[in-house]
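Structural characterization, general
Next come the chains, spelled out residue by residue.
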Amino acid sequence: MPNASSWSASSPLLLLWEDSSGTRIFLSLLYAVLAISGTLSNVMVIYLVFSFKKLQTTSNAFIVNGCAADLSVCALWMPQEAVLGLLPPNSSSLRSAEYRLLRGGILGLGLTVSLASHLLVAFNRYVLITKLPSVYQALYQRRHTGCMIGLSWALALLLVPLLPGLWIPGSAQQSVLRQTDGTSSYTALLLALAMLGQTALLLHCYLGIVRRVRGSAKRVSVLNFHLLHQLPFPAAPPPPRRAQRRLSSVSVLLLCCVFLLGTQPLVWVSLLGFFLRPAPPALQAASWLLLCSLSALNPLLYTWRSEEFRRAARS
């Protein structure tokens, strides 16, 4: 079996040296499907928000920010992976270190902003449901919302040039880390812990929403905000109170489960590689593939329960 260095120098980011041609073609087709579906869904959400005034809310501004980041992954990064999977292993495109870093930079930029947007959406909904309307209006003024979105991109632009090796998935990342000093390994550990912290904050926000809704359905019903339609709750007609609380909880928990399924495998694979030993290359590749596929699913996660989005799409 080739070592990690030869694997990273001669393969696309998520394809293994020893993979058969059938496996490589299958992965390329999978990338192509994710690229097409993710590009269409992200573009559709962005178009609907900009075209319909009812959808131009603060919560949707964060969703559009995430869609723009996911679009860079689905429209720019995934098509390259689909094409590279069809090239022979000795292709010059696969051996170019500069090209690998470029692809890693595109991936890192998109994923960083996307993960930040997840947290911004969750916190926005948490404040909307659990705090007074005056607190929400003071915190989410137009200027403050723009600053939050700008900071998510500034953070990504700061991390990607400084830590390019961290965005090269799988065994390629291990190769890069071995070629540098120990500081890079600790930086990778800190980023994994940062993702865990981000996940903990997101779960705190959504579980807080669930507790609030289950404890006081009346509190949710009297909030006269268009943003309520952007929550993963049914907008109209409202079902009976008990069924409404149950459906709201299931919708939020489903969103959280999909997010955890897409992000946590990579986190724990990274922690395993730091504290014990590197995970098998196939497991590393699978964890990266799950994280990247989240970019194609995000638009559906945040709009599938919204009656406003469905009405806008039908019109």
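Everything numeric in this text was worked out from a predicted model, so none of it was measured. (Residues numbered from 1 in each chain as written. Predicted model: local features only at pLDDT ≥ 70, side-chain atom pairs only at ≥ 80, totals over all residues. Heavy atoms only, no water.)

**Considering helix α3 (residues 58–84)**
Residues spaced three or four apart along an α-helix face the same direction, because each turn holds 3.6 residues. Relative to the 39 Å expected for 27 residues at 1.5 Å per residue, α3 spans 39 Å between its end C-alpha atoms, a close match to the ideal helical length. Where α3 bends most, at W77, the angle is about 35°, and the proline P79 comes one to four residues later. Along α3, 20 of the 27 residues are buried, which leaves the element largely enclosed by surrounding structure. (Helix = DSSP H or I, 4+ residues; strand = E, 2+ residues; numbered from the N terminus. Expected span 1.5 Å × (residues − 1). Bend = angle between axes of the 7 residues up to and from the residue. Buried < 20%, exposed > 50% of the residue type's maximum accessible area, 1.4 Å probe, protein only.)

**With respect to the packing of helix α5 (residues 97–130) against helix α12 (residues 281–303)**
At their nearest, the axes of α5 and α12 sit 11 Å apart, and the two run at 45° to each other. It follows from the interaxial angle that α5 and α12 lie oblique. As α5 runs across α12, the sense of the crossing is left-handed. Together, L107, L111, S114, H118, V121 and R125 of α5 and W288, L291, C292, L294, S295, N298 and Y302 of α12 make up the contact between the two elements. Broken down by class, the residue content of the contact of α5 with α12 amounts to eight nonpolar, four polar and one charged. (Axes fitted to C-alpha atoms, helices over the stretch in contact; angles between N-to-C directions. Parallel < 35°, antiparallel > 145°, perpendicular 65-115°, else oblique. Left-handed = near helix turned anticlockwise from the far one by under 90°. Contact = heavy atoms within 4.5 Å. Nonpolar A, V, L, I, M, F, W, Y, C, P; charged D, E, K, R; others polar.)

**Comments concerning the packing of helix α2 (residues 21–51) against α3**
The geometry of α2 relative to α3 is characterised by a closest axis approach of 8 Å and an angle of 155° between their N-to-C directions. Between α2 and α3, the interaxial angle falls into the category roughly antiparallel. For α2 against α3, the interelement crossing comes out left-handed.

**Let's talk about the side chain of S41**
Inspection of the secondary structure puts S41 in helix α2. A relative accessible area of 13% places S41 in the buried class. Polar side-chain contacts of S41 include one of 3.1 Å to the backbone oxygen of G38. Contact partners of S41, with chain neighbours within four places excluded, come to A296 and P299. (Polar contact = N/O pair within 3.5 Å; in protein donor to acceptor, adjacent residues only side chain to side chain.)

**Quick look at the environment of L291**
Within the fold, L291 resides in helix α12. The exposure class of L291 is buried, given its relative accessible area of 4%. For L291 and T263, which are 28 residues apart along the polypeptide, the C-alpha to C-alpha distance reads 5.4 Å. Discounting chain neighbours no more than four positions away, the residues touching L291 are L111, G262, T263 and L266.

**With respect to the environment of I129**
Along the chain, the position of I129 falls in helix α5. For the pair I129 and V210, spaced 81 residues apart in the sequence, the C-alpha separation amounts to 9.7 Å.

**Observations regarding the UniProt feature "transmembrane region" (unreviewed entry) in the protein chain**
The positions UniProt marks with the feature "transmembrane region" (unreviewed entry) are residues 25–50, 62–80, 100–123, 144–168, 188–209, 250–276 and 282–304. Its end C-alpha atoms 37 Å apart, residues 25–50 is made of 100% helix and 0% strand. Taken as a whole, residues 282–304 contains 96% helix and 0% strand, while its terminal C-alpha atoms sit 32 Å from one another. (UniProt positions renumbered as here; feature names shortened; annotations may be inferred.)

**Examining the side chain of T199**
Residue placement: T199 occurs in helix α9 (residues 182–215). Each residue touching T199, except ones within four places of it in the same chain, is listed here: F259, L260, T263 and Q264.

**Brief notes about the nonpolar core**
Burial of nonpolar side chains together is a common tendency in soluble globular proteins. Ranked by internal contacts, the top residues of the largest apolar core, which has 40 residues, are Y206 and Y302. Of all the elements in the fold, those that place two or more residues in this core are α2, α3, α5, α9, α11 (241–275), α12 and α13 (307–314). Here this core gets nine residues from one element, more than from any other, and that element is α9. Y31, A35, L266 and L291 belong to the second largest nonpolar core, which has 17 residues in total. (Core = buried A, V, L, I, M, F, W, Y, C linked by side-chain atoms within 4.5 Å.)

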